[in-house]
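Coordinate inspection notes
Here is how the chains run, residue by residue.
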Amino acid sequence: MAQQDTDQQHAGVLPVNDEGFVIDIVDTDEREHAWRERGTSRPITVVGNPVLHKECKDVTEFGAELEQLVADMFASQRTAEGVGLAANQIGVDLKVFVYDCQDDEGTRHVGVVCNPKLVDLPADKRHLDESNEGCLSVPTAYAPLARPDYAEVTGQDEKGNPIKVRGTGYFARCLQHETDHLYGYLYIDRLSKRERRDALRQMAENEPRYPVVAND
């Protein structure tokens, strides 16, 4: 198994396996805590906010400003008790998401992806799982949505290094959900009109448990 050296790991680069996928299950507590402690929690933007409904800009500069954004995203994700968060969910028009998500085997994955692209899967890997899905930007609402139970994403880490991330089950759903966000799609956009109306009704009838940005 190919590992990055200690200096590279300290710089924020995750080790990779022999297929080139990041090993995001190592030191999860320490890495998430380190990010979160440097960040400031921000309120979550909700459906209807223009930043959620358009494709975000590519990340082109990798430095202190981006790392502070990532730290704020981890802090915001923890406040909202989420498992993934895209930058536009805190009002920032950039293609970056963070995740702290378990797969169906209970293995925890923690990481950062900039400029993500979902890999188009061959038919033999497109096994659909129709499970309930929710979103921090559609607070208190849930609906069943069929998605492939395996996903691969290519992109860059917070230092600009090319990376590949893969997941199964719930984590695969998270990777697809967060990538969708950065291209202007919420999960309710993939529902039928009736299911979408029901999700928005759920949202309207309940109070979010975390701070949100009210739409004017």
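Model, not experiment: these values are computed from the prediction. (Residues numbered from 1 in each chain as written. Predicted model: local features only at pLDDT ≥ 70, side-chain atom pairs only at ≥ 80, totals over all residues. Heavy atoms only, no water.)

1. With respect to helix H2 (residues 28–38)
Among the residues making up H2, those that are buried are Thr28, Arg31, Glu32, Trp35 and Arg36. Angularly, the buried residues of H2 cover 125° about the axis, an arc narrow enough to put them on a single face. In H2, the exposed positions that point more than 90 degrees away from the buried face belong to Glu30 and Glu37. In the core, the buried residues of H2 are packed alongside helix H3 (64–80), strand S3 (96–102) and strand S4 (108–118). (Buried < 20%, exposed > 50% of the residue type's maximum accessible area, 1.4 Å probe, protein only. Helix = DSSP H or I, 4+ residues; strand = E, 2+ residues; numbered from the N terminus. Arc of directions from axis to C-beta. Contact = heavy atoms within 4.5 Å.)

2. Some details on the UniProt feature "active site" (unreviewed entry) in the protein
The feature "active site" (unreviewed entry), as given by UniProt, occupies Glu178 in the numbering adopted here. Relative to the helices and strands, glutamate 178 is located in helix H4 (residues 169–182). Overall, glutamate 178 belongs to the buried group, its relative accessible area being 4%. Setting aside anything within four residues of it in sequence, one finds glutamate 178 in contact with Gly84, Leu85, Ala86, Gln89 and Phe97. (UniProt positions renumbered as here; feature names shortened; annotations may be inferred.)

3. Some details on the UniProt feature "binding site: Fe cation" (unreviewed entry) in the protein
When the UniProt feature table is mapped onto this chain, "binding site: Fe cation" (unreviewed entry) is found at Cys135, His177 and His181. For the residues just named, distributed over 47 residues, the greatest C-alpha separation is only 10.1 Å, placing them together at one site. Its place among the elements puts cysteine 135 in strand S5 (residues 128–135). Looking at where histidine 181 falls in the secondary structure, it is placed in helix H4. Residue classification places histidine 181 among the buried positions, given a relative accessible area of 0%. Not counting residues within four places of it along the chain, the set of residues in contact with histidine 181 comprises Ala86, Asn88, Gln89, Cys135, Ser137 and Leu186.

4. Focus: the nonpolar core
Grouped together as the largest cluster of nonpolar side chains are 21 residues, with contacts concentrated most on Leu69, Val70, Met73, Val96 and Val112. Looking at this core, the element that brings in the most residues is H3, giving 7 residues. Leaving out residues up to four positions away in the same chain, methionine 73 has contacts with Leu85, Ala86, Ala87, Ile90, Val96, Phe97 and Val98. (Core = buried A, V, L, I, M, F, W, Y, C linked by side-chain atoms within 4.5 Å.)

5. Observations regarding the pattern of salt bridges
Evaluation of the coordinates by the stated rule reveals 20 salt bridges. Between aspartate 29 and arginine 108 there is a salt bridge; the shortest N-O distance is 2.3 Å. You can see aspartate 29 sitting in helix H2 and its partner arginine 108 sitting in strand S4, a full 79 residues away along the chain. With a shortest N-O distance of 2.5 Å, glutamate 55 and lysine 95 are connected by a salt bridge. Remark: lysine 95 occurs in the loop between strand S2 (84–86) and S3 and glutamate 55 occurs in the loop between strand S1 (44–45) and H3; sequence separation between them is 40 residues. Taking relative accessible area as the criterion, lysine 95 reaches 4% and is therefore assigned buried. (Salt bridge = Lys/Arg side-chain N within 4 Å of Asp/Glu carboxyl O.)

6. What about unusual backbone geometry?
The phi dihedral of aspartate 27 falls on the positive side, at around 50°, and the residue is not glycine. Topologically, aspartate 27 is positioned in the loop between helix H1 (6–10) and H2. By relative accessible area, aspartate 27 is classed as partly exposed at 46%. The phi angle at threonine 140 is positive, at roughly 75°, despite the residue not being glycine. Within the secondary structure, threonine 140 sits in strand S6 (residues 138–148). What makes threonine 140 partly exposed here is its relative accessible area of 25%.

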